[in-house]
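Coordinates in review
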Amino acid sequence: MVIVMKLNKNVVDQLIKGAQKAYKRGEIPVSAVILDESGKVISKACNNRQKSCNVLGHAEVLAILKAEKKIHDWRLNGYKMVVVLEPCDMCSMVISKCRLDEVLYFVAQKDDSVRSNVNIEKNLIDGYDEEKKYFSDLVLNFFNNMR
């Protein structure tokens, strides 16, 4: 499903900075933010798996952990996540368990086999063509440089 949503420029800027930070550290350039009902960022994170030597170091998981700590609850009902890349199966499962209302992402996974069957509301953001191209190029560049 494609959803049209107006994101605050600050949210998009934070996602770009987070993706750039991850890229510079040799991580897959993914960042995530969690927004409250008013659209305010309550947590943000970028991939950190290589640096932390931790398989759970995905931006989505890290942003969730920070949000849970900030609000003193593991239930994130009423909150939404915006992320650079469509979440993997592991992240989708964590997202469903913490009860985030919705996940919005800029770049869809290329391979349908990695798409999750987990029942969470995941939506590709419509518009933001410049940002989508930037994120897509950054992810492609990362993987091309690995080969």
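Everything discussed here concerns the structure shown above.
Reading the values: rules and limits
Residues numbered from 1 in each chain as written. Predicted model: local features only at pLDDT ≥ 70, side-chain atom pairs only at ≥ 80, totals over all residues. Heavy atoms only, no water. Helix = DSSP H or I, 4+ residues; strand = E, 2+ residues; numbered from the N terminus. Buried < 20%, exposed > 50% of the residue type's maximum accessible area, 1.4 Å probe, protein only. Contact = heavy atoms within 4.5 Å. Areas by Shrake-Rupley, 256 points an atom, 1.4 Å probe, with all protein chains shown as cover. Patch = residues over 30% accessible without salt bridge, like charges linked within 9 Å, V, L, I, M, F, W, Y side chains within 5 Å. Salt bridge = Lys/Arg side-chain N within 4 Å of Asp/Glu carboxyl O. Lys, Arg positive; Asp, Glu negative; His and termini not counted. Charge placed at Lys NZ, Arg CZ, Asp CG, Glu CD. Axes fitted to C-alpha atoms, helices over the stretch in contact; angles between N-to-C directions. Parallel < 35°, antiparallel > 145°, perpendicular 65-115°, else oblique. Nonpolar A, V, L, I, M, F, W, Y, C, P; charged D, E, K, R; others polar. Phe/Tyr/Trp six-rings, centres within 6.5 Å; stacked < 30°, edge-to-face > 60°. Core = buried A, V, L, I, M, F, W, Y, C linked by side-chain atoms within 4.5 Å. 1 Å grid on protein atoms, 1.4 Å probe; cavity = no way out; pocket = protein on both sides within 12 Å on 5 of 7 lines; lining within 4 Å. Points joined across faces, edges and corners; volume = space filled by probe spheres on them. Polar contact = N/O pair within 3.5 Å; in protein donor to acceptor, adjacent residues only side chain to side chain.

1. Topic: the overall build of the chain
Scanning the chain for helices and strands turns up 5 helices and 6 strands. Scanning the chain from its N terminus toward the C terminus, one meets helices and strands in the order β-α-β-β-α-α-β-α-β-β-α. When the 147 residues of the chain are sorted by exposure, 46% land in the buried category. Pairs at least 24 apart in sequence give 53% of the contacts found in the chain among residues at least 6 apart. Summed over all atoms, the accessible surface of the chain reaches about 8,200 Å², with 52% contributed by carbon and sulfur.

2. Focus on a positive patch on the surface
On the surface, K17, K21, K44, K51 and K66 cluster together into a patch of positive charge. Tracing the sequence through the fold places K66 in helix α3 (residues 59-71).

3. Considerations on the packing of helix α1 (residues 9-24) against helix α5 (residues 129-146)
α5 packs onto α1 with a crossing angle of 10° between their chain directions and a minimal axis gap of 11 Å. The angle between the axes of α1 and α5 places the two elements in the roughly parallel class. Two secondary-structure elements touch here, α1 through V12, L15, I16, A19, Q20 and Y23 and α5 through E131, Y134, F135, L138, N141, F142 and N145. For the contact of α1 with α5, the residue count by class is 9 nonpolar, 3 polar and 1 charged.

4. Details of the packing of aromatic side chains
Within this structure, the stated rule accounts for 5 aromatic pairs. Among the aromatic side chains, those forming a connected cluster through ring pairs are F106, Y128, Y134 and F135.

5. What to know about the nonpolar core
In terms of nonpolar packing, the biggest core is built from 38 residues, with I34, M81, V82, L100 and F106 touching the most fellow members. If near-sequence neighbours (up to four positions away) are discounted, I34 is found in contact with K40, V41, I42, S43, A63, I64, A67, L76, Y79, K80, M81 and L100.

6. Brief notes about the layout of surface pockets
Roughly 230 Å³ of internal volume is contained in the second largest pocket. Broken down by secondary-structure element, the contributors of at least two residues to the lining of the second largest pocket are α1, β2 (31-35), β3 (41-46) and α3. Partitioning the lining of the second largest pocket into residue classes produces 6 nonpolar, 4 polar and 5 charged.

7. Here's the deal with the environment of E102
Take E102: it is sitting in strand β5 (residues 102-107). Residues E102 and G78, 24 residues apart in the sequence, show an inter-C-alpha distance of 8.7 Å. In terms of polar contacts, E102 uses its side chain to reach the side chain of K80, at 3.2 Å.

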